[in-house]
Amino acid sequence: LLLGAVLAATDAAAVFSVMRRLHLSMRIRTLLEAEAGFNDAPVVVIVSVIASGSFLETPWWQLPVVVVAELAGGVAVGIAVGYLSRWLLPRLALPAVGLYPIAALALLVAAYGAASVIHASGFMAVYLAAVLMGSAARLPHRRSIIGFADGLAWVAEIGLFVMLGALADVEKLPEAIPLALACAAILVLLARPLAVVVSLVPFRWPWRSVAFASV
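In this report, we go over the structure that sits alongside the text.

### Here's the deal with the overall build of the protein
And step 1. The secondary structure content of the protein amounts to 10 helices and zero strands.
And step 2. Its helices and strands taken in sequence order, the protein reads α-α-α-α-α-α-α-α-α-α from the N to the C terminus.
And step 3. Across its three principal axes, the protein shows a C-alpha extent of roughly 60 × 45 × 40 Å.
And step 4. Out of the 215 residues in the protein, the part that is buried amounts to 27%.

Here it is as structure tokens:
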């Protein structure tokens with residue numbers, strides 16, 4: 001379960017960057033971007049529950065219940081903060097343009113904090129709040145806010161990869177290569193295509209779109 005949860009996560013920043021350069025239908029592009037944005041939240045919840053010391057002693061049905069409950073709470077908080085930001089930001093009279101990105105970031109941090117207080121998914125709350133905030137028709141100084149968020153995302157991603165590299169034990173990498181190759185083969189050739197077929201075929205998606213989403 002832990003291995004599957006870790007491998008399920010998607011690099012949302014990379015997906016968004018690639019999608020902007022490909023000439024795809026809006027339907028398939030929206031699907032892949034939504035998947036990349038949404039799947040981090042359940043992964044974090046699942047990893048946190050599995051990594052807890054009491055996981056093996058809890059009933060089998062508790063994991064899906066906890067995941068659904070935390071995601072539902074995150075959705076509620078994200079929608080609430082998102083619509084609050086759409087109402088509040090256009091009404092703020094800040095003395096400098098550079099303060100509007102800070103205000104937007106403060107609202108997103110508040111979304112994460114509020115979700116954490118009620119033991120909900122902060123990732124889901126932040127994602128939905130940001131989507132609602134960014135899609136607002138009256139978002140003041142939109143270019144400054146989006147540019148600030150884009151730069152902050154790059155800094156966070158660079159810091160994440162530096163941290164992962166610092167934590168890697170180079171001496172143990174050779175013995176991990178067989179397991180890594182096996183996981184990659186199963187994920188790419190079996191798990192991903194099967195999950196996409198099960199998810200999209202009932203909605204009568206074209207097979208070309210299903211095949212594209214599978215890879």
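### Comments concerning the side chain of Ser 85
And step 1. Within the element layout of this structure, Ser 85 appears in helix 5 (residues 62-88).
And step 2. Its relative accessible area of 1% is what places Ser 85 among the buried residues.
And step 3. Apart from the residues within four sequence positions on either side, Ser 85 is in contact with Pro 90, Leu 107 and Met 133.

### Points about the packing of helix 9 (residues 173-200) against helix 10 (residues 207-214)
And step 1. Axis separation between helix 9 and helix 10 bottoms out at 8 Å; the angle between their running directions is 145°. Judged by the sense of rotation from one axis to the other, the crossing of helix 9 with helix 10 is right-handed. Of helix 10, the residues touching helix 9 (which contributes Arg 192, Pro 193, Val 196, Val 197 and Leu 200) are Trp 207, Val 210, Ala 213 and Ser 214.
And step 2. Residue classes in the contact of helix 9 with helix 10 are distributed as seven nonpolar, one polar and one charged.

### Overview of the pattern of salt bridges
And step 1. Applying the stated criterion across every chain yields a total of two salt bridges.
And step 2. Residues Glu 33 and Arg 29 are paired through a salt bridge, measuring 3.2 Å at the closest nitrogen-oxygen approach. Of this pair, Glu 33 and Arg 29 both sit in helix 3 (residues 26-38), four residues apart, which is roughly one turn of that helix.
And step 3. Among the salt bridges present, the one from Glu 35 reaches Arg 192, with a minimum N-O distance of 2.5 Å. Here the residue Glu 35 occupies a position in helix 3, and Arg 192 occupies one in helix 9, the gap between them amounting to 157 residues.
And step 4. Taking the relative accessible area as the measure of exposure, Glu 35 reaches 30% and is therefore partly exposed.

The rules behind the values
Residues numbered from 1 in each chain as written. Predicted model: local features only at pLDDT ≥ 70, side-chain atom pairs only at ≥ 80, totals over all residues. Heavy atoms only, no water. Helix = DSSP H or I, 4+ residues; strand = E, 2+ residues; numbered from the N terminus. Buried < 20%, exposed > 50% of the residue type's maximum accessible area, 1.4 Å probe, protein only. Contact = heavy atoms within 4.5 Å. Axes fitted to C-alpha atoms, helices over the stretch in contact; angles between N-to-C directions. Left-handed = near helix turned anticlockwise from the far one by under 90°. Nonpolar A, V, L, I, M, F, W, Y, C, P; charged D, E, K, R; others polar. Salt bridge = Lys/Arg side-chain N within 4 Å of Asp/Glu carboxyl O.

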